[in-house]
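Take a look at the letters that make up each chain.
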Amino acid sequence: VVAVYGTLSDLLSVASSKLGIKATSVYNGKGGLIDDIALIRDDDVLFVCEGEPFIDPQTDSKPPEGLLGFHTDWLTLNVGGRYFTTTRSTLVNKEPDSMLAHMFKDKGVWGNKQDHRGAFLIDRSPEYFEPILNYLRHGQLIVNDGINLLGVLEEARFFGIDSLIEHLEVAIKNSQPPEDHSPISRKEFVRFLLATPTKSELRCQGLNFSGADLSRLDLRYINFKMANLSRCNLAHANLCCANLERADLSGSVLDCANLQGVKMLCSNAEGASLKLCNFEDPSGLKANLEGANLKGVDMEGSQMTGINLRVATLKNAKLKNCNLRGATLAGTDLENCDLSGCDLQEANLRGSNVKGAIFEEMLTPLHMSQSVR
């Protein structure tokens, strides 16, 4: 039992003195060559030698037949123009089934694939090879700053260093920054809008704008499908022909917004304010809010000629003084909805639920069919 301090040379001197040998190398219990004293931990069992290859005392007292005599050979590798000096045992013992082990298991395997200095030529990246060689030496993954772990991983896969591949995959996963789910601000979005060519399709599917102030912005034709626009301020915004399908608009303010030809299929606008909005497109393109959740919305005074509200939910909504001429309200839930002062001429209310709805002071008579509940 020895106290480890100072440098690796100090440890070798202590080992030489205590064991009566000329110690030149230190191995860990798995046969990894230790070249840095910082890699040694409390209670580690170390093996020292005078240059012989590591032999696991629990398996055999002699090196495997065929490896005796030349695994102590030092050799030099020329990897992408950079030279590395190591031993055959380092390349073979740690990962015996790897490509490197098969390369150097037999002396003549490389033939004449050596440069003028006798170094074995390997056409790979030296900066990614260095962490692999160090891992084979001491069994620790140490990568210098500025080295891309993905590059080291590809080299480890190429050379078949299976145990290192697992370490690298974990290290890469841990190095990834956490996903930023914070809402996009008005400033960020305006910068985004200004940087996008006018004719380019702007896709904002699934983005988080929760609570953002997007009032008075030109948002025509933008794809907001499944985006989070809850509690947004969209007052006076131009959303003409925007795609808000399955978007979350709950609690948002869209007062006086231009919603001509907007697509809001199955969107959630519960509790939103859409007062004095314009859904009416002079060209005949109709806004589509089919299946939308509009519970408790305030759409007072909005222009909604020809709008499609089929099977939408407008329970407890305020539609006072709205223009719903020619609107499709088939199957719509209008329970307790305030429709006083509305223009419902030629509107389709087939199969709608008008229980508790208010129809006072309507601009045109409402002809209730038997299919209206």
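Higher on the page you've got the structure.
Since this is a predicted model, take the numbers as computed values, not measurements.

1. Let's talk about the overall build of the chain
Step number 1: Secondary structure summary: the chain contains 7 helices and 5 strands in total.
Step number 2: The order of helices and strands in the chain, counted from the N terminus, is α-β-β-β-β-α-α-β-α-α-α-α.
Step number 3: Counting all 373 residues of the chain, 43% fall into the buried class.
Step number 4: Partitioning the intrachain contacts of the chain with sequence separation of at least 6 by distance along the chain shows that 30% fall at a separation of at least 24.

2. Structural notes on the nonpolar core
Step number 1: Judged by nonpolar contacts, the single largest core of 57 residues is most densely connected at Leu219, Phe224, Phe279, Leu319 and Leu324.
Step number 2: In this structure, Phe279 is in contact with Leu259, Gln260, Gly261, Val262, Leu274, Ala287, Leu289, Met299, Ser302, Gln303, Met304 and Ile307, ignoring residues within four places of it in sequence.

3. Let's talk about the pairing of strand 3 (residues 74-79)
Step number 1: Direction of pairing for strand 3 relative to strand 4 (residues 82-87): antiparallel, over a ladder of 6 bridges. Bridge pairing links Asn78 to Tyr83 in strand 4.
Step number 2: Following strand 3, the chain reverses through 2 residues before pairing antiparallel with strand 4; Gly80 in that reversal takes a positive phi of roughly 60°.
Step number 3: Strand direction decides the pairing type here: strand 3 and strand 5 (residues 120-122), joined by 3 bridges, are parallel. From the neighbouring strand, Leu77 faces strand 5, where its bridge partner is Phe120.

4. Details of empty space enclosed by the protein
In this approach a probe as big as a water molecule rolls over the atoms, and the regions it shows empty are the leftover space.
Step number 1: Inspection of the entire model under this criterion finds 2 cavities of 30 Å³ or more.
Step number 2: Looking at the largest cavity, its volume works out to about 40 Å³.
Step number 3: As for the largest cavity, its lining consists of Ala3, Val4, Tyr5, Asp10, Leu11 and Val14.
Step number 4: For the lining of the largest cavity, the per-class residue count stands at 5 nonpolar, no polar and 1 charged.

5. Section: the state of the cysteines
Step number 1: Following the criterion strictly, the structure yields 0 disulfides and no others.
Step number 2: With no disulfide of its own, Cys240 lies 3.8 Å from the sulfur of Cys241, the closest cysteine sulfur.

6. What to know about helix 4 (residues 126-138)
Step number 1: An ideal rise of 1.5 Å per residue puts 18 Å on 13 residues; helix 4 measures up with 19 Å between its terminal C-alpha atoms.
Step number 2: Along helix 4, the residues classified as buried are Pro126, Tyr128, Phe129, Pro131, Ile132, Leu133, Asn134, Tyr135, Leu136, Arg137 and His138.
Step number 3: Following helix 4 by one or two positions, Gly139 has its phi on the positive side, about 75°.

7. Digging into unusual backbone geometry
Step number 1: Phi at Tyr221 is positive, roughly 65°, even though this residue is not glycine.
Step number 2: Position of Tyr221 relative to the elements: it lies in the segment after helix 7 (186-194).
Step number 3: Given the relative accessible area of 56%, Tyr221 is considered exposed.
Step number 4: Its identity as a non-glycine residue notwithstanding, Cys256 has a phi of 65°, on the positive side.
Step number 5: Here Cys256 lies in the segment after helix 7.
Step number 6: On the basis of relative accessibility, which here comes to 32%, the residue Cys256 falls in the partly exposed class.

8. Here we look at the environment of Gly291
Step number 1: Along the polypeptide, Gly291 turns up in the segment after helix 7.
Step number 2: Leave out the neighbours within four places in its chain, and Gly291 touches Cys266, Arg310, Val311 and Ala312.

9. Regarding the packing of aromatic side chains
Step number 1: Evaluation of the coordinates by the stated rule reveals 8 aromatic pairs.
Step number 2: Arranged with centres 5.3 Å apart and planes meeting at 80°, the rings of Phe104 and Phe120 form a pair that is edge-to-face. One end of the pair, Phe104, is in helix 3 (residues 99-104); the other, Phe120, is in strand 5, with 16 residues separating them in the sequence.
Step number 3: Their ring planes at 80° and their centres at 5.7 Å tell us that Phe209 and Phe224 sit as a pair that is edge-to-face. Taken together, the positions of Phe209 in the segment after helix 7 and Phe224 in the segment after helix 7 put the pair 15 residues apart, joining distant regions of the chain. You'll find Phe209 and Phe224 in the same group, each marked buried.
Step number 4: A connected cluster of aromatic rings, assembled from ring pairs, spans Phe84, Phe129, Phe158 and Phe159.

10. What to know about helix 5 (residues 149-159)
Step number 1: Every buried residue belonging to helix 5 is among Leu149, Gly151, Val152, Leu153, Glu155, Ala156 and Phe159, and all of these are buried.
Step number 2: Measuring from the side-chain oxygen of the N-cap residue of helix 5 to the backbone nitrogen of Leu150 gives 2.8 Å; that N-cap residue is Asn148.
Step number 3: Looking one or two places after helix 5, you find Gly160, whose phi comes out positive at around 70°.

11. Here's the deal with the pattern of salt bridges
Step number 1: This structure, assessed with the given rule, holds 8 salt bridges.
Step number 2: The residue Glu290 makes a salt bridge to Arg310 at a minimum N-O spacing of 2.5 Å. Taken together, the residues span a long stretch of sequence, with Glu290 in the segment after helix 7 and Arg310 in the segment after helix 7 at a distance of 20 residues.
Step number 3: The shortest N-O distance in the salt bridge between Asp343 and Arg325 comes to 2.9 Å. Here the residue Asp343 occupies a position in the segment after helix 7, and Arg325 occupies one in the segment after helix 7, the gap between them amounting to 18 residues.
Step number 4: Given a relative accessible area of 35%, Arg325 falls into the partly exposed group.

Definitions and limits used
- Residues numbered from 1 in each chain as written.
- Predicted model: local features only at pLDDT ≥ 70, side-chain atom pairs only at ≥ 80, totals over all residues.
- Heavy atoms only, no water.
- Helix = DSSP H or I, 4+ residues; strand = E, 2+ residues; numbered from the N terminus.
- Buried < 20%, exposed > 50% of the residue type's maximum accessible area, 1.4 Å probe, protein only.
- Contact = heavy atoms within 4.5 Å.
- Core = buried A, V, L, I, M, F, W, Y, C linked by side-chain atoms within 4.5 Å.
- Pairing = 2+ DSSP bridges.
- 1 Å grid on protein atoms, 1.4 Å probe; cavity = no way out; pocket = protein on both sides within 12 Å on 5 of 7 lines; lining within 4 Å.
- Points joined across faces, edges and corners; volume = space filled by probe spheres on them.
- Nonpolar A, V, L, I, M, F, W, Y, C, P; charged D, E, K, R; others polar.
- Disulfide = S-S within 2.5 Å.
- Expected span 1.5 Å × (residues − 1).
- Phe/Tyr/Trp six-rings, centres within 6.5 Å; stacked < 30°, edge-to-face > 60°.
- Polar contact = N/O pair within 3.5 Å; in protein donor to acceptor, adjacent residues only side chain to side chain.
- Salt bridge = Lys/Arg side-chain N within 4 Å of Asp/Glu carboxyl O.

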